[in-house]
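Per-entry structural report
What follows is the residue order along each chain.
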Amino acid sequence: MNMPAALHPNSKSKYLTEAQIQEFGARVEAIRREVMDDLGEIDAQYIYKIRNFVRYSEIASRGMLMFGGWIPPVWLLGTGLLGLSKIVENMELGHNVMHGQFDWMNDPTLNGASYDWDTIATGDDWKYTHNYIHHTYTNIVDKDHDVGYSLLRVSEVQKWEPRFLMNIPLAIQLMVFFEWYVGLQRLHLEDVLVYKTKTWKQVWDEAAGLRKKMRRQVVKDYVFFPLLAGPNAIPVFAGNAVANVIRSLWASAVIFNGHFTEDAENFEADNTENESRAEWYIRQIRGSSNFSGTQWLHILSGNLSHQIEHHLFPDMPANRYAEVAPKIKALCAEYGIHYNEANFTQQFSSVWVRLAKCSLPNHWQDKIGQGSNLIRTGLAQLKAKFQ
Amino acid sequence: MSTSVEYKPEWIREDFIDFIDFIDFIDFIAEKINPVWPLKKVKACVVEIQALSPDFYKIHLRPNQNFQAQRFQAGQSILVTLAMNGVRQQRSYSIVTLLDNGDVILAIKRQGKMSNALTQLPAGAVVELSQPQGNFVLPAPVPSLCFIASGSGITAIYSLLQKAVVSSTQPIDLLYFTRDDAFHAEIKTLALMYPYFKYHHFNTVEQHQHLCQQLDLSEQFHSEYFQMTADENLEAQPVQFLRSQQDFQANSNLLDSAEAAGLRPAHGCRMGICNTCSCTKVSGSVRNLLTGEIDHNHNTQIKLCVTQAISPVVINL
């Protein structure tokens, strides 16, 4: 047996026998099959509705900025709406369509292979770094580049380097410029900047597609629409810039919540080729975390609020995750697998605690742990004395 | 890993987010107002549907201005697209006649979901069409010809026949095996009008007969199939879809096998025409069911519906 997850000492999941693992896998498969056989009109209508929202909200927001951008309340409304439109386009439309979730509709405009989204990253790069690398090697340190993006230290399994002392400020600027980082992710700039295993020449050659996409995005938001607005060029420029940052902040928050939360486990590199389907399912569950909320929160997060279900079934239309989530949760409870779920704020604050802890080497953490314990017991003793 | 070098942004995607795609934006709005208004898509209204027999229907379609009627050659077909239960289904049908005003006449036999739905459309319903396509056409100059058709296969043949009788005075023979006599009257009229055209009609219900044909089927023989079969004697092969993280066993064509495993890859005509199911084969050996060609190369484009795996295969889907 090669459970990829020699259970981490802190894991909240129970040890399962090989037979139990296979049985669990088969039951997950059955849940998937039931939904996939049922796809049809409702799902098609759903994604068309989402796309219409993206289109109409973009027309409305760009219109507001173009014609009324100089009036502060209109600027605020237009910028907010454009940010919202970009969020829904990236999360619920682009991300999900590019997973091939709606390929079965045979609509070439919603085909995962050809769809390209409104962000810096090219569809092709994204499908490589995200759909392939991240979804296959989920949370395996040194294999899944999403484990800290080689910028942050998010797991004790990752080797500590002095640069990780800057974990928190680096994470904050990562959030602000998230779309740019995602765009550059496939180039592995850390190999040039930190590890010196790559040259700038190689980066330039690999970035041909990305340069085209960057040019298009920059021209669109910062040249074309401002120029089109004539005298309103400055408010349009500013509105577009802020909308892009709003989208980056939100997208990164959702993604941090999916894998960097307190109980989301990381795994050591091992031979995933020998991992069975069932073991892969279990790794996906243990490495992901959900957050609860209203239907709107789910739509805005591209249903990545159901990160666990998304990782089990990346090609299932995301509007179905809410329906399978209770079934997966019940199954996890039955087999003693920890189902990591909390509200948005709880998950997000645990991300920052984790980032702070990981900025220090593991043995320092222990010392700090001991230190804080000492202080705590000391305080308790003091309290006891004065009572 | 450096496939990104070949990346081209999708300028032509249907998304007005890009100002370049202004036409697409206009199409989106136009289509919301009236479904046959788009500037790029070929949309057609159903004018009339007429029964030729209890299960064989003549469909009269009026395409919008985007249909290139002048490109049509007798014998060609069009892909008809219709959304059913959220899925855009696509089938190829031979054009029986193209009227002078550009209207298209199809004849469709009810035999599956798509043909059932198409033949039950109300007048005024809108479907999407492709441009005329296919190379089952008359050679030039038109030689002496012998057509053999059975059942609904008469549609393409009738189209060729109409063209052939006016294109040359070489002898033409038609052997038509039919249960329902669709187009029988029209063909009989042609036979009366053109003495060099000999019509051999066999109603297979009335004349339950066995026929031995002494025909020279050499390279002179052109045929059109709308079906092909996988070699079922081959061993099932493991197939992996990379992006959707799915593995399955394939013993028929890859599309059928994937569907049997509960996957729903994008597809269209299911006969290697429309290219909807085309995708990149990352590794492994496959056989093209249409051409018999074997492909061992890495990162080649294949169409799932006409491809059979002959070794373990990895596909970028």
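What counts and what doesn't
Residues numbered from 1 in each chain as written. Chains lettered and ligands numbered in written order. Predicted model: local features only at pLDDT ≥ 70, side-chain atom pairs only at ≥ 80, totals over all residues. Helix = DSSP H or I, 4+ residues; strand = E, 2+ residues; numbered from the N terminus. Buried ≥ 20, exposed ≤ 12 C-beta atoms within 10 Å, placed from the backbone. Contact = placed C-beta atoms within 7 Å. Nonpolar A, V, L, I, M, F, W, Y, C, P; charged D, E, K, R; others polar. Core = buried A, V, L, I, M, F, W, Y, C linked by C-beta atoms within 7 Å. Pairing = 2+ DSSP bridges. Axes fitted to C-alpha atoms, helices over the stretch in contact; angles between N-to-C directions.

1. Some points on the overall build of chain B
In terms of regular secondary structure, chain B is built from five helices and 17 strands. Counting only residues that meet the buried cut, chain B has 33% of its 317 residues in that class.

2. Observations regarding helix 11 (residues 277-287) of chain A
Residue and element names in this part refer to chain A. When you tally the buried positions in helix 11, you get nine out of 11 residues, the bulk of the element. For helix 11, every residue scored as buried is listed here: Ala278, Glu279, Tyr281, Ile282, Arg283, Gln284, Ile285, Arg286 and Gly287. Buried residues belonging to helix 11 abut helix 1 (18-36), helix 10 (233-259), helix 13 (307-312) and helix 14 (321-335).

3. Some thoughts on the interface of chain A and chain B
On the chain B side, the residues contacting the 42 residues of chain A number 31 residues. Sorting the residues of the side of chain A that touches chain B by element identifies helix 1, helix 2 (41-68), helix 4 (123-136) and helix 9 (208-228) of chain A as the ones contributing at least two each. No other element matches helix 9 of chain A, which puts eight residues into the side of chain A that touches chain B. Counted by class, the side of chain A that touches chain B contains 11 nonpolar, 11 polar and 20 charged residues.

4. Focus on the nonpolar core
Nonpolar side chains in soluble globular proteins tend to be buried together. Of all hydrophobic cores here, the largest spans 71 residues; its most connected members are Val88(A), Leu254(B) and Leu304(B). Per-element accounting of this core gives the leading share, 10 residues, to helix 3 (residues 72-98) of chain A. Contacts of Leu304(B), omitting those with residues within four sequence positions, involve Asn253(B), Leu254(B), Leu255(B), Ala258(B), Pro265(B), His267(B), Cys277(B) and Cys279(B).

5. A few points about the sheet that holds strand 15 (residues 300-303) of chain B
All names here are of chain B. The five strands are arranged 11-10-17-12-15 in an open sheet whose pairing can be described as mixed. The sheet terminates laterally at strand 11 (246-250) and strand 15, the two strands that pair on one side only. Neighbour-to-neighbour, the strand axes of this sheet turn through a mean angle of 35°, independent of strand direction. Two strands pair when backbone bridges link them, and strand 12 (residues 278-283) and strand 15 are joined in this way by four bridges, in the antiparallel orientation. Across the sheet, residue lysine 281 finds its bridge partner in strand 15, namely threonine 300.

6. With respect to the sheet that holds strand 1 (residues 42-53) of chain B
All names here are of chain B. Taken together, six strands build a closed barrel; the order of strands is 1-2-5-4-3-6 and the barrel is antiparallel. Strand-to-strand twist of the sheet, defined as the mean angle between neighbouring strand axes without regard to direction, takes the value 45°. One ladder, built from four bridges, connects strand 1 with strand 6 (residues 126-129); its direction is antiparallel. If you follow cysteine 45 over to strand 6, its bridge partner there is valine 126. Here helix 3 (residues 154-167) sits on the sheet and contacts strand 4 (87-98) and strand 5 (104-109); the angle it forms with strand 4, its principal contact strand, is near 35°.

7. Let's talk about unusual backbone geometry
What is expected of a backbone is that most residues other than glycine have negative phi and most peptide bonds are trans. Of note, the amide linkage connecting Ala140(B) to Pro141(B) takes the cis form, showing an omega dihedral of -5°. Along the chain, Pro141(B) turns up in the loop between strand 6 and strand 7 (145-150). Phi angles above zero are rare outside glycine, and Asn106(A) is one such case at about 60°.

8. Some words on the environment of Ala230(B)
All names here are of chain B. Within the secondary structure, alanine 230 is located in the loop between strand 9 (197-203) and strand 10 (237-241). Counting along the chain gives 79 residues from alanine 230 to alanine 309, while the straight-line C-alpha distance between them is 9.9 Å. Apart from the residues within four sequence positions on either side, alanine 230 is in contact with Ser252, Asn253, Leu289 and Gln308.

9. A word on the pairing of strand 5 of chain B
All names here are of chain B. Where strand 2 (residues 56-63) and strand 5 come together, six bridges link them in antiparallel fashion. The residue of strand 5 that forms the bridge with tyrosine 57 is isoleucine 108. Bridge count for strand 4 against strand 5 is three bridges, and the pairing is antiparallel. Within strand 5, the position partnered with leucine 98 by the bridge is valine 104. Where strand 4 folds back on strand 5, the antiparallel hairpin that results is connected by five residues, among which glycine 102 adopts a positive phi of roughly 90°.

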